[in-house]
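Here is how the chains run, residue by residue.
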Amino acid sequence: MRRGEGLPVSSLALGVAVLLAVLPSRAAAVNVTAALAAFPSFADFARLLASSPVAGELAARSSLTLLAVPNNNLPRSPSAFAAASGADIADVLRYHVLLEYLSPSDLARLPVSGKLVTTLFQTTGRAPSDFGAVNLTIWGNSTVVVRSPAHSPGSNATVLGAITAVPYNLSVFAVGGLIVPSGFDLAASDSRPPPAVNITRVLADARGFNVAASMLEASGVADEFEADERGAGITVFVPTDEAFADLPATDRLQSLPADRKAVVLRFHVLHSYYPLGSLESIVNPVQPTLATECTEAGRFTLNITRVNGSVAIDTGVVQASITRTVFDQNPVAVFAVSKVLLPKEMFGQGDAGSASTAPLPSAMAPDVAENMRTPPTRLSSPPARDSGADDKSSSATARAANWWCIGLVYLELHLLLLQLV
């Protein structure tokens, strides 16, 4: 080819074709139902998508985030959808499609004020104002909650974990329940059992939790648990009777004041519903507890990870594991754990098993606090002593001191004579 001649048209076309084959296409659409097919626990949600026009709408889009609901968290009764039209159901599904690709790291970096993200429902024109968007906020220091801009029944759900992703076209997260747009009458509450599950009764029926049940009943904390069920649900870690029996004698848990015991009990509860599968794939391992609400962010948290095929829970002082599921019915999950979860804020200084070393004065055992206020009698009131014996002892001490001085003088004179010789 001579200088100045252009490339042949066939060569130019071949180069463009190769370049297009190498570069990723931002317009590549993803088959959402095919992506969910690999996860049987989301089969019901995938069938809802496939039976609605939403699946076809997604086929022409990319850069999406899908909030999928596990089978166990969907309405169990067909009547839950009976009162809603097909259009309403489709709009609810559209409300679970965020028109933005979000990764787990994106959720971890959410601002304190939250992030408003447009959904596919907003594009229909049927959403008033910005009610076709959802607000992603962080509760505590790690749990992500999806909220409708307007309050409505069933409008909140907790992000349970990441399911799959096709960077940067599709990201799928599991959420704890259906998110219903404002103004919809879909009976999303039917996806939950009647509120106020009696945790104490659950433990009594399960057996092997007599100590935990009695502590809950005596503290009154169980009422707080039942009140929290109406929000994003709760997850309760309950030590077995064997776990309480294995506590070292120095832990002083049983001798704590009632308010400090209540803190330890709240430390065993997450302020969100997590079935076992969600705990095994939890996005943020550091989870706030109900005790975090009573103090400040970053305190009284649990580190939850998967170790050797089981869910491990680390308090900073104790490493426990989930031994079995006691109760799992949205919005309440109760799991047996192998050890009593002792917070490092109360048991982590000095002797790791002694709550009396905690920096909170109210966390001290009553007998320790009493000893600090009133010195023991044997120190404050020493026994009487014989004055005659004291005089004899003083005289003997004085004689010994005199002999010691005489000896030193004699030694110095002897050294002086040696020098003169």
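Reading guide: rules and limits
- Residues numbered from 1 in each chain as written.
- Predicted model: local features only at pLDDT ≥ 70, side-chain atom pairs only at ≥ 80, totals over all residues.
- Heavy atoms only, no water.
- Pairing = 2+ DSSP bridges.
- Helix = DSSP H or I, 4+ residues; strand = E, 2+ residues; numbered from the N terminus.
- Contact = heavy atoms within 4.5 Å.
- Axes fitted to C-alpha atoms, helices over the stretch in contact; angles between N-to-C directions.
- Buried < 20%, exposed > 50% of the residue type's maximum accessible area, 1.4 Å probe, protein only.
- Core = buried A, V, L, I, M, F, W, Y, C linked by side-chain atoms within 4.5 Å.
- Salt bridge = Lys/Arg side-chain N within 4 Å of Asp/Glu carboxyl O.
- Arc of directions from axis to C-beta.
- Polar contact = N/O pair within 3.5 Å; in protein donor to acceptor, adjacent residues only side chain to side chain.

Moving on, we get to the sheet that holds strand 8 (residues 234–239). Taken in spatial order, the seven strands of this open sheet run 9-8-14-13-12-11-10, and their pairing is mixed. Every interior strand has two partners, whereas the edge strands, strand 9 (269–270) and strand 10 (286–288), have only one. Examined bridge by bridge, strand 11 (residues 301–307) and strand 12 (residues 310–314) share five bridges and lie antiparallel to one another. Bridging across to strand 12, arginine 306 finds its partner in valine 311. Contacts from helix 8 (residues 199–206) reach strand 8, strand 13 (319–329) and strand 14 (332–337) within the one sheet, and its direction differs from that of strand 13 by about 105°.

With six of its six residues buried, strand 14 lies for the most part within the structure. Residues of strand 14 alternate between two faces, with Val332, Val334 and Ala336 on one and Ala333, Phe335 and Val337 on the opposite face, all of them buried. Pairing geometry for strand 8 and strand 14, over six bridges, is parallel. From the neighbouring strand, proline 239 faces strand 14, where its bridge partner is valine 337.

Next up on the list: the nonpolar core. Core analysis: the biggest nonpolar cluster contains 103 residues, and Leu36, Phe237 and Leu279 have the highest contact counts within it. It is strand 14 that contributes the most residues to this core, six residues altogether. Beyond its immediate stretch of four places on either side in the chain, leucine 36 contacts Phe42, Phe45, Ala46, Leu49, Leu66, Ala68 and Val172.

The next point concerns the pattern of salt bridges. Counted by the stated rule, this structure contains nine salt bridges. A salt bridge links lysine 115 to glutamate 100; the nearest nitrogen and oxygen atoms lie 3.3 Å apart. Taken as a pair, lysine 115 in strand 3 (residues 115–118) and glutamate 100 in the loop between strand 2 (97–98) and helix 7 (104–108) lie far apart in primary sequence, 15 residues in all. Under the relative-accessibility criterion, lysine 115 is labelled partly exposed at 27%. Accessibility expressed as a relative area gives 28% for glutamate 100, which makes it partly exposed. With a shortest N-O distance of 3.7 Å, lysine 344 and glutamate 345 are connected by a salt bridge.

If you trace the seven strands from one edge of the open sheet to the other, you get 2-1-7-6-5-4-3, paired in mixed fashion. In this open sheet, the two edge strands, each paired with only one partner strand, are strand 2 and strand 3. In terms of strand pairing, strand 3 meets strand 4 (residues 133–139) through four bridges, oriented antiparallel. Bridge pairing in strand 4 places threonine 118 opposite alanine 133.

Ile199, Thr200, Val202 and Leu203 are the residues of helix 8 that are buried. Projected onto a plane normal to the axis of helix 8, the buried residues spread over an arc of 160° and lie on a single side. Facing away from the buried side of helix 8 by over 90 degrees, the exposed positions are Arg201, Ala204 and Asp205. The distance from a side-chain oxygen at the start of helix 8 to the backbone nitrogen of threonine 200 is 3.1 Å, and the residue carrying that oxygen is asparagine 198. Phi for arginine 207, located one or two positions after helix 8, is positive at around 65°.

To continue, consider helix 9 (residues 210–219). Counting along an α-helix, one turn takes 3.6 residues, and residues three or four places apart therefore face a common direction. Listed as buried for helix 9 are Ala212, Ala213, Met215 and Leu216. All buried residues of helix 9 lie within an arc of 165° about the axis, which places them on one face of the element. Those residues of helix 9 that are exposed and angled more than 90 degrees off the buried face are Asn210, Glu217 and Ala218. Two residues or fewer past helix 9, glycine 220 is found with a positive phi of approximately 80°.

What follows concerns the environment of valine 326. Considering the arrangement of structural elements, one finds valine 326 in strand 13. Residue valine 326 is classed as buried on the basis of its relative accessible area, which comes to 17%. Each C-alpha atom, one on valine 326 and one on alanine 206, is 6.7 Å from the other, the two residues being 120 residues apart in sequence. Once residues lying within four places of it in the same chain are set aside, the contact partners of valine 326 are Val202, Ala206, Phe209, Val334, Phe335 and Ala336.

Tracing the backbone shows valine 334 in strand 14. Classification of valine 334 by relative accessible area gives buried; the value is 0%. Remark: the alpha-carbon pair of valine 334 and valine 236, spanning 98 residues in sequence, is separated by 4.7 Å. When sequence neighbours within four positions are dropped, the list of residues in contact with valine 334 reads Ile199, Leu203, Val236, Val238, Thr325, Val326 and Phe327.

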